[in-house]
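Overview (structure and organization)
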Amino acid sequence: MSTDHASRTSKIVGTVWGLLVLNTLGSAGAKTIIPLPRSLIQMVTMGALVAAFALALAVNLRLRIRPGACLFLLTLLLVPSVISSADLESGFGALFRCARLALFVGTLWLLSRWWDGSLTFARYHIRMYFAVLGSVAAGLVVSPGAAMPELYGGRLVGALWPLTPPQIGQYAAVITGLTVLLVLGRRTDKASAAVVIVPSLVLLALTHTRTATLGLFIGLALAIGSLILTSAAARRFFAWAVLCAAVAAVAFASALQAWFLRGQSKENFSNLTGRAKVWDALLAAPRSASEKLFGVGLGDKSFGGLPIDNSWLAVYHEQGLIGVTLVSAIILVLGGVALLRPPSLQRACAIFLISYCAIASYTEAGLGDASPYLLHLALAASLLAAPAAAAAPPSTPELPRRHIPRWARRSEVP
């Protein structure tokens, strides 16, 4: 393969990944400076997914794929989704979401050809989400009032594209964690990393997103812990991080507590801002045997008009116990493979992503449908993929030996 062709292919693959990110941004969120009809936003996001699948197919016409347990389990997840959505209990939107999930998984299958355990897709991930955060920062500069409305308690939202505080916090936390790990692995310089990390942390703080903050710190602690035995830089960073965290906990205890509570009462905080009431109602609702096994069909991750905000309960509600089993298997398989791999930067990045998704699943939905969380897990799978075996050089066929008479073997020189 020529260098120009390989470079062009790499750009197309990066574009496909960026389109998948665009598709998972969603269409619901805060009011933007320029009102955007939801139908237009859905057209853009679905158009991005169709374009991603078409480009991935164009660059992989021979349908070369790398089989993997993660993608196999994601494909199986389509089965309860289609079965539960076929009776149209959740409306035609359920079948539309099934088609979207099928296109999403199909695109990942086509991209799996280039999953070789390198950091290529991690860099695509960072660049695209950093561009998304750039639009958030631009909206904050253009209209601070629209970017931090009272409706969301003064928390940062997307003023140019409708993004909620948890979404922004998630994107900021994920690219911050990945960039920190790249610095520790000496795969990027500190100046370039600071350009990503500093603004991302500022935006994360402005969103007041507790789940993303805890996911960042716990995920990084586990990821860096996997490097301690083999990386002096990881040991130094871990020691300084523990020291700084201890000093901050003592010196800024009241400020940190105020930031963490976000002005909520202890009762409101204890029931997770009302989430617990929705969860109790969902679990108490009567269900048929079919609904328990397969769910009620893919929906908007809500129950009784209120968001579920829990991946496991959302999957149970929409894809039943079979869906919960498959999603659990995806997390366990990725986690098990990561633990069995020898220490490496790629393994650390995968551990961070898996840990973050597992932590966020308690207060965020998305593990059972096309979402950023499935994209994070797909990235983890690409990082854990074994490097493609180098093609062996063609062996030179051995020429048949000619029979030489005994008298001809003697030297002519006495």
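Residues numbered from 1 in each chain as written. Predicted model: local features only at pLDDT ≥ 70, side-chain atom pairs only at ≥ 80, totals over all residues. Heavy atoms only, no water.

Turning our eyes to something else, we now look at the overall build of the protein. Along the backbone of the protein there are 18 helices and two strands. When burial is assessed residue by residue, the protein has 44% of its 414 residues classed as buried. Within the protein, counting contacts between residues at least 6 apart in sequence, those at least 24 apart form 76% of the total. Roughly 21,000 Å² of accessible area belongs to the protein as shown, and the carbon and sulfur atoms make up 68% of that amount. (Helix = DSSP H or I, 4+ residues; strand = E, 2+ residues; numbered from the N terminus. Buried < 20%, exposed > 50% of the residue type's maximum accessible area, 1.4 Å probe, protein only. Contact = heavy atoms within 4.5 Å. Areas by Shrake-Rupley, 256 points an atom, 1.4 Å probe, with all protein chains shown as cover.)

With that settled, consider the pattern of salt bridges. Opposite charge on two side chains allows them to pair when their charged atoms are near. Scanning the model with the defined rule gives two salt bridges in all. When the shortest N-O distance is used, the salt bridge between Lys-301 and Glu-318 registers 3.1 Å. One end of the pair, Lys-301, is in the loop between helix 14 (289-294) and strand 1 (302-303); the other, Glu-318, is in helix 15 (residues 311-340), with 17 residues separating them in the sequence. With a relative accessible area of 2%, Glu-318 lands in the buried category. (Salt bridge = Lys/Arg side-chain N within 4 Å of Asp/Glu carboxyl O.)

Take Leu-184: it is sitting in helix 7 (residues 165-184). Once residues lying within four places of it in the same chain are set aside, the contact partners of Leu-184 are Ile-224, Ser-231, Ala-233, Ala-234 and Phe-237.

Tallying each qualifying case throughout the model produces five aromatic pairs. Seen in terms of ring centroids, Trp-17 and Phe-121 are 5.1 Å apart; in terms of plane orientation they differ by 65°. Their pairing is edge-to-face. One end of the pair, Trp-17, is in helix 1 (residues 3-23); the other, Phe-121, is in helix 5 (residues 120-142), and 104 residues separate them in sequence. As far as the burial class goes, Trp-17 and Phe-121 line up, both buried. Considering the side-chain rings of Trp-279 and Tyr-362, the 5.4 Å spacing of their centres and the 65° angle between planes classify their relative orientation as edge-to-face. Placement of Trp-279 in helix 13 (residues 275-284) and of Tyr-362 in the loop between helix 16 (345-360) and helix 17 (372-384) is noted, with a sequence separation of 83 residues between them. An aromatic cluster is present here, built from Trp-17, Phe-121 and Tyr-124 joined pairwise through their rings. (Phe/Tyr/Trp six-rings, centres within 6.5 Å; stacked < 30°, edge-to-face > 60°.)

Now for the confidence of the model for the protein. In this model, the protein carries a mean pLDDT of 86, and residues with pLDDT of at least 70 account for 87%. Across residues 390-399, where pLDDT falls below 50, the model places zero contacts with residues more than four positions away in sequence or in other chains. (pLDDT = per-residue confidence, 0-100.)

The first and last C-alpha atoms of helix 17 sit 18 Å apart over 13 residues, in line with the 18 Å expected at 1.5 Å per residue. Burial analysis of helix 17 places 13 of its 13 residues in the buried class, the great majority of the element. (Expected span 1.5 Å × (residues − 1).)

In this section: the nonpolar core. Counting residues in each nonpolar core, the largest one holds 107 residues, and the members touching the most others are Trp-17 and Leu-108. Residue contacts for Leu-108: discarding those within four places in its chain leaves Trp-17, Leu-20, Leu-71, Leu-74, Trp-115, Leu-375 and Ala-378. (Core = buried A, V, L, I, M, F, W, Y, C linked by side-chain atoms within 4.5 Å.)

Right, let's get into unusual backbone geometry. Positive phi values are uncommon outside glycine, yet Arg-186 reaches one of about 55°. Tracing the sequence through the fold places Arg-186 in the loop between helix 7 and helix 8 (190-207). Phi is positive for His-208, close to 55°, though the residue is something other than glycine. Among the secondary structure elements, His-208 is positioned in the loop between helix 8 and helix 9 (210-225). Its relative accessible area of 24% is what places His-208 among the partly exposed residues.

What follows covers the packing of helix 1 against helix 2 (residues 38-59). Look at helix 1 against helix 2: their axes get within 8 Å of each other, and the N-to-C directions meet at 155°. Relative to helix 2, helix 1 is oriented roughly antiparallel. Relative to helix 2, helix 1 is oriented so that their crossing is left-handed. Taking contact as the criterion, the partners of Thr-9, Ile-12, Thr-15, Val-16, Leu-19, Leu-20, Leu-22 and Asn-23 in helix 1 are, on helix 2, Val-44, Thr-45, Met-46, Ala-48, Leu-49, Ala-51, Ala-52, Leu-55, Ala-56 and Val-59. (Axes fitted to C-alpha atoms, helices over the stretch in contact; angles between N-to-C directions. Parallel < 35°, antiparallel > 145°, perpendicular 65-115°, else oblique. Left-handed = near helix turned anticlockwise from the far one by under 90°.)

This paragraph deals with the side chain of Thr-24. Of note, Thr-24 is situated in the loop between helix 1 and helix 2. Polar side-chain contacts of Thr-24 include one of 2.9 Å to the backbone oxygen of Val-21. Once residues lying within four places of it in the same chain are set aside, the contact partners of Thr-24 are Arg-100, Phe-104, Tyr-129, Tyr-171, Ala-370, Ser-371, Pro-372 and Leu-375. (Polar contact = N/O pair within 3.5 Å; in protein donor to acceptor, adjacent residues only side chain to side chain.)

Together, Arg-186, Lys-190, Arg-235 and Arg-236 make up a positively charged patch on the protein surface. Secondary-structure assignment places Arg-235 in helix 10 (residues 232-251). Relative accessible area serves as the criterion here: at 40%, Arg-235 is assigned to the partly exposed category. (Patch = residues over 30% accessible without salt bridge, like charges linked within 9 Å, V, L, I, M, F, W, Y side chains within 5 Å. Lys, Arg positive; Asp, Glu negative; His and termini not counted. Charge placed at Lys NZ, Arg CZ, Asp CG, Glu CD.)

A few words on the environment of Gly-153. Within the secondary structure layout, Gly-153 lies in the loop between helix 6 (144-147) and helix 7. Classification of Gly-153 as exposed rests on a relative accessible area of 61%.

Turning our attention to the packing of helix 1 against helix 4 (residues 92-111). A pair of packed helices is characterised by two quantities: the angle between their axes and the separation of those axes. Direction vectors running N to C along helix 1 and helix 4 enclose 155°, while the axes themselves pass 11 Å from each other. Classified by the angle their axes make, helix 1 and helix 4 are roughly antiparallel. Our pair here, helix 1 against helix 4, has a crossing hand that is left-handed. Residues Val-13, Val-16, Trp-17, Leu-20 and Asn-23 of helix 1 pack against Arg-100, Phe-104, Thr-107, Leu-108 and Leu-111 of helix 4. Its residues placed into classes, the contact of helix 1 with helix 4 shows seven nonpolar, two polar and one charged. (Nonpolar A, V, L, I, M, F, W, Y, C, P; charged D, E, K, R; others polar.)

Tracing the backbone shows Ser-382 in helix 17. Assessed through its relative accessible area of 2%, Ser-382 is described here as buried. The residues contacting Ser-382, other than those within four sequence positions of it, are Trp-115, Asp-116, Gly-117 and Phe-121.

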